[in-house]
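Summary of the model geometry
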Amino acid sequence: MRPMAATAHSSTSPTEPQLGLRERKKQKTRIAIRDATYRLIREQGYDATTVEQIAEAAEVSPSTVFRYFPTKEDIVLTDEFDPLMEQELRARPADEPWMVSLRHIMRKAIGLETTEEPEVARLRTHLMVQVPAVRSRMMESMSVTSRMLCRIIGERTGKDPDGLEVRVLAMSLIGALMETSLYWAEGGHQEDLADLVDRTLHILENGLTP
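Residues numbered from 1 in each chain as written. Predicted model: local features only at pLDDT ≥ 70, side-chain atom pairs only at ≥ 80, totals over all residues. Heavy atoms only, no water.

**Details of the overall build of the chain**
Cut-off, in case you're wondering: In this description a helix means any DSSP run of H or I spanning at least four residues, a strand means any run of E spanning at least two, and both kinds are numbered starting from the N terminus. By definition, residues are in contact when any of their heavy atoms lie within 4.5 Å. Only the protein chains shown count as covering a residue, and every accessible area follows the Shrake-Rupley method with a 1.4 Å probe.
Each helix and strand counted, the chain has ten helices and zero strands in total. Taking contacts inside the chain between residues at least 6 apart in sequence as the whole, the part at least 24 apart equals 72%. Accessible area for the chain stands at about 11300 Å²; split by element, carbon and sulfur atoms hold 53% of it.

Structure, rendered in structure tokens:
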């Protein structure tokens, strides 16, 4: 889920079908490009890191980097959480309150990321705060997650997924989670991310309480 890039995790559950050889190779290349990018950014900063340097460090060509990630910002922001989130939301009971379902999914995502890749989570949100190009690209990519959420909300509520109410609900959630990521990074990642997300969902559900 792009607005919560810090909570996104690319992994394959033991219960999911095993990837074929072609998909495993593609996944390995994506991971190599990302790992090289994170390493170079830590060493020399975001602006000084070029696609050519990333390609050399990942042992691929620059054209291969662009084939997997259209822009340098996408290397930092792109995740595979949207399909997982869609699958998990569809697996929740149809009569379960929407916010209960969301809490379940977000806690699961945050648990995976902060446990297995805490440094990456902090780096990604730090870049969202410090690099205007990364933040701008994040805003552009929000529409992908929004469409996914609109489909799920439409299915759960019986409302038109293209209707105003559904679109407002989806974008309210995405915008709120993006602000949560920024707030977490601006505070030096000192607060517990799961607690912040829970507070965010509480605000969306109940508004500002006196």
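**Regarding the nonpolar core**
Put simply, the rule reads: Only buried Ala, Val, Leu, Ile, Met, Phe, Trp, Tyr and Cys residues count toward a nonpolar core, and they belong to the same one when joined by side-chain atoms within 4.5 Å. The buried label goes to any residue with under 20% of its type's maximum accessible area, the exposed label to any with over 50%, and the partly exposed label to all in between, with areas taken from a 1.4 Å probe on protein chains only.
Judged by nonpolar contacts, the single largest core of 39 residues is most densely connected at Leu-89, Trp-98, Leu-102, Leu-127 and Leu-149. Counting residues per element, the ones that place at least two in this core are α1 (21-44), α4 (72-77), α5 (81-91), α6 (98-116), α7 (118-130), α8 (132-157), α9 (164-186) and α10 (193-206). Discounting chain neighbours no more than four positions away, the residues touching Leu-102 are Met-85, Leu-89, Leu-173 and Leu-201. Among the nonpolar cores identified, the runner-up in size contains eleven residues, and Ile-33, Val-51, Ala-58 and Ile-75 belong to it.

**Focus on the side chain of Asp-74**
Mapped onto the elements of the fold, Asp-74 is located in helix α4. When residues no more than four places from it in sequence are discounted, the contact partners of Asp-74 are Phe-69 and Arg-137.

**Topic: α7**
Heads up, the rule is: A helix is expected to span 1.5 Å multiplied by its residue count minus one.
With 13 residues, α7 extends 18 Å between its outermost C-alpha atoms, agreeing within 8% with the 18 Å of an ideal straight helix rising 1.5 Å per residue. Along α7, the residues classified as buried are Val-120, Ala-121, Leu-123, Arg-124, Thr-125, Leu-127 and Met-128.

**Focus on the packing of aromatic side chains**
Note the following rule: Within 6.5 Å between ring centres, the rings of Phe, Tyr and Trp (the latter by its six-membered ring) count as paired, and their orientation is classed by plane angle as stacked under 30 degrees, edge-to-face over 60, tilted in between. Here, a charge over a ring is recorded when the distance from Lys NZ or Arg CZ to the ring centre is within 6 Å and its angle to the ring normal is within 35 degrees.
In the structure shown here, the tally under the stated rule is zero aromatic pairs. Above the ring of Tyr-46, the side-chain terminus of Lys-72 is found at 4.1 Å from the ring centroid.

**Thoughts on the pattern of salt bridges**
Quick note on the threshold: The rule for a salt bridge is simple: a side-chain nitrogen of Lys or Arg has to be within 4 Å of a carboxyl oxygen of Asp or Glu.
Scanning all chains against the criterion turns up twelve salt bridges. Here Glu-86 ties to Arg-90 by a salt bridge, and the two come within 2.6 Å at their closest N and O atoms. Taken as a pair, Glu-86 and Arg-90 lie in helix α5 at a separation of four residues, close to a single helical turn. Glu-96 is paired through a salt bridge with Arg-92; the nearest N and O atoms lie 2.9 Å apart.

**A few points about the confidence of the model for the chain**
Which entries qualify depends on this criterion: Summary of the metric used: pLDDT quantifies the predictor's per-residue confidence within the range 0 to 100.
Taken as a whole, the chain shows an average pLDDT of 84; of its residues, 86% reach a score of 70 or greater. Taken element by element, the predicted model of the chain shows its lowest mean pLDDT in α6 (74) and its highest in helix α2 (residues 51-58) (97). Long-range and interchain partners of residues 5-17, a stretch whose pLDDT sits below 50, account for 30 contacts in this model, where long-range means more than four residues apart.

**What to know about the environment of Ser-63**
The condition is simple: Here a polar contact is taken to be a pair of N or O atoms separated by no more than 3.5 Å, where protein atoms must pair a possible hydrogen donor with a possible acceptor and residues adjacent in sequence count only if both atoms sit in side chains.
Looking at the element boundaries, Ser-63 is found in helix α3 (residues 62-68). As for Ser-63 and Glu-52, which are separated by eleven residues in sequence, their C-alpha atoms are 9.4 Å apart. In terms of polar contacts, Ser-63 uses its side chain to reach the side chain of Ser-61, at 2.9 Å.

**Here we look at the environment of Arg-156**
Structurally, Arg-156 can be placed in helix α8. Once the C-alpha coordinates of Arg-156 and Arg-90 are considered, the two residues, 66 residues apart in sequence, prove to be 8.7 Å apart. Once you skip the residues sitting within four places of it in the chain, Arg-156 turns out to touch Leu-89, Arg-92, Pro-93, Ala-94, Glu-96, Pro-97, Trp-98 and Ser-101. A distance of 2.5 Å separates a polar side-chain atom of Arg-156 from the backbone oxygen of Glu-96.

**Quick look at α2**
To keep things clear, this is the line we draw: As used here, the arc belongs to the directions running from the helix axis to the C-beta atoms.
All of the buried residues in α2 are Val-51, Ile-54, Ala-55 and Ala-58. Taken down its axis, α2 places every buried residue within 100° of arc, on the same side. For α2, the elements touching its buried residues are α1, α3 and α4. Positive backbone phi, approximately 60°, marks Glu-59, located one or two places after α2.

**Some thoughts on the packing of α1 against α2**
What counts is decided by this rule: Simply put, an axis is a line fit to the C-alpha atoms, just over the touching stretch for a helix, and the angle between two N-to-C directions goes from 0 to 180 degrees. When describing relative orientation, an angle under 35 degrees is termed roughly parallel and one over 145 degrees roughly antiparallel, while 65 to 115 degrees is termed roughly perpendicular and anything else oblique. By convention the crossing between two helices is left-handed if the near helix lies anticlockwise of the far one by an angle smaller than a right angle, and right-handed if it lies clockwise. Residue classes follow a fixed rule: Ala, Val, Leu, Ile, Met, Phe, Trp, Tyr, Cys and Pro count as nonpolar, while Asp, Glu, Lys and Arg count as charged, and any other residue, Gly among them, counts as polar.
One way to put it is that α1 packs onto α2 with a least axis distance of 8 Å and a crossing angle of 120°. As summarised for this structure, α1 and α2 are arranged oblique, according to the angle between their axes. Considering the relative orientation of α1 and α2, their crossing is right-handed. Of the residues in α2, those touching α1 at Ala-32, Ile-33, Ala-36, Thr-37, Arg-39, Leu-40 and Gln-44 are Gln-53, Ile-54, Ala-57 and Ala-58. The residue inventory of the contact of α1 with α2, partitioned by class, reads seven nonpolar, three polar and one charged.

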